[in-house]
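For reference, the chains in residue letters:
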Amino acid sequence: MTDRWYQMLAALRAHFAPDADVGDVEQYLAARGLARHEIDEVLARFVSQNASGAAPRVVQLPRPALRVQGPHERGRFTPDAWGYLLTLYNTASTGLGIFETIVERALHHLDGPITRQDIRLLAEELGVEVDALPVDHSQLH
């Protein structure tokens, strides 16, 4: 941990009670110019180093931002397959690690266009409960 983090943690301890609202602490850190990943790191350290000795509170961090398709992926995934992947990710059936694993396996092990059925089979192989997804039969033209 750098001196900057020690100084920031000291400032947080001086300004906030150990059980302070996480949203208030986030706003305080953002106002001081910290980036999102820096705020997350400082918050985690602040909560874990609770000065009162109480058990650290669980901080619910937002899901990491999802990356966009690279040029080498745009031609491989059908729009329906990519949409199905995003549905898997957004319904919390998969985390980012599982999402990336499905993408990598599809790119490396499948030839030709990657379809929704291919993604479904890969997800099932990894233990994702694809039958638990909400069914939406609407179609846009």
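Quantities reported herein were computed from a predicted structural model and do not represent experimental measurements. (Residues numbered from 1 in each chain as written. Predicted model: local features only at pLDDT ≥ 70, side-chain atom pairs only at ≥ 80, totals over all residues. Heavy atoms only, no water.)

## Quick notes on the overall build of the protein
No. 1: A tally of regular secondary structure across the protein gives seven helices and zero strands.
No. 2: Order of helices (α) and strands (β) in the protein, N terminus to C terminus: α-α-α-α-α-α-α.
No. 3: When each of the 141 residues of the protein is scored for burial, the buried share is 30%.
No. 4: Summarising the internal contacts of the protein: among those between residues at least 6 apart in sequence, 59% fall at separations of at least 24.
No. 5: When the accessible area of the protein is evaluated, it comes to approximately 9,100 Å², of which 53% is carbon and sulfur surface. (Helix = DSSP H or I, 4+ residues; strand = E, 2+ residues; numbered from the N terminus. Buried < 20%, exposed > 50% of the residue type's maximum accessible area, 1.4 Å probe, protein only. Contact = heavy atoms within 4.5 Å. Areas by Shrake-Rupley, 256 points an atom, 1.4 Å probe, with all protein chains shown as cover.)

## Focus on helix 7 (residues 116-125)
No. 1: Among the residues making up helix 7, those that are buried are I119, L122 and A123. Viewed end-on, helix 7 has its buried residues packed into an arc of 100 degrees, placing them on one side of the element.
No. 2: Tucked inside the fold, the buried residues of helix 7 contact helix 5 (79-90) and helix 6 (96-109).
No. 3: After helix 7 finishes, the residue G127 shows a positive phi value of roughly 90 degrees. (Arc of directions from axis to C-beta.)

## Looking at the packing of aromatic side chains
No. 1: Per the counting criterion, the structure on display carries four aromatic pairs.
No. 2: Ring centres of Y89 and F99 lie 5.8 Å apart, and the angle between their planes is 65 degrees; this geometry places the pair in the edge-to-face category. Here F99 lies in helix 6 and Y89 lies in helix 5, a separation of 10 residues in the sequence.
No. 3: Put simply, the rings of F77, W82, Y89 and F99 pair up and form one aromatic cluster.
No. 4: Its end group placed over the ring of Y28, R32 keeps NZ or CZ at 3.7 Å from the ring centre. (Phe/Tyr/Trp six-rings, centres within 6.5 Å; stacked < 30°, edge-to-face > 60°. Lys NZ or Arg CZ within 6 Å of the ring centre and 35° of its normal.)

## Quick word on the pattern of salt bridges
No. 1: For the structure shown, the criterion picks out four salt bridges.
No. 2: Here D40 ties to R36 by a salt bridge, and the two come within 2.7 Å at their closest N and O atoms. With a gap of four residues between them, D40 and R36 both fall in helix 3 (residues 36-48), about one helical turn apart.
No. 3: R120 is paired through a salt bridge with E124; the nearest N and O atoms lie 3.7 Å apart. Within this pair, R120 and its partner E124 are both found in helix 7, separated by four residues, close to a single helical turn. (Salt bridge = Lys/Arg side-chain N within 4 Å of Asp/Glu carboxyl O.)

## A closer look at the packing of helix 2 (residues 22-31) against helix 3
No. 1: Between helix 2 and helix 3, the shortest axis-to-axis distance is 10 Å and the interhelical angle comes to 130 degrees. Our classification of the angle between helix 2 and helix 3 gives oblique. By crossing handedness, the relation of helix 2 to helix 3 is classed as right-handed. Residues V22, V25, E26, L29 and A30 of helix 2 lie in contact with helix 3, whose contacting residues are R36, I39, V42, L43 and F46. (Axes fitted to C-alpha atoms, helices over the stretch in contact; angles between N-to-C directions. Parallel < 35°, antiparallel > 145°, perpendicular 65-115°, else oblique. Left-handed = near helix turned anticlockwise from the far one by under 90°.)

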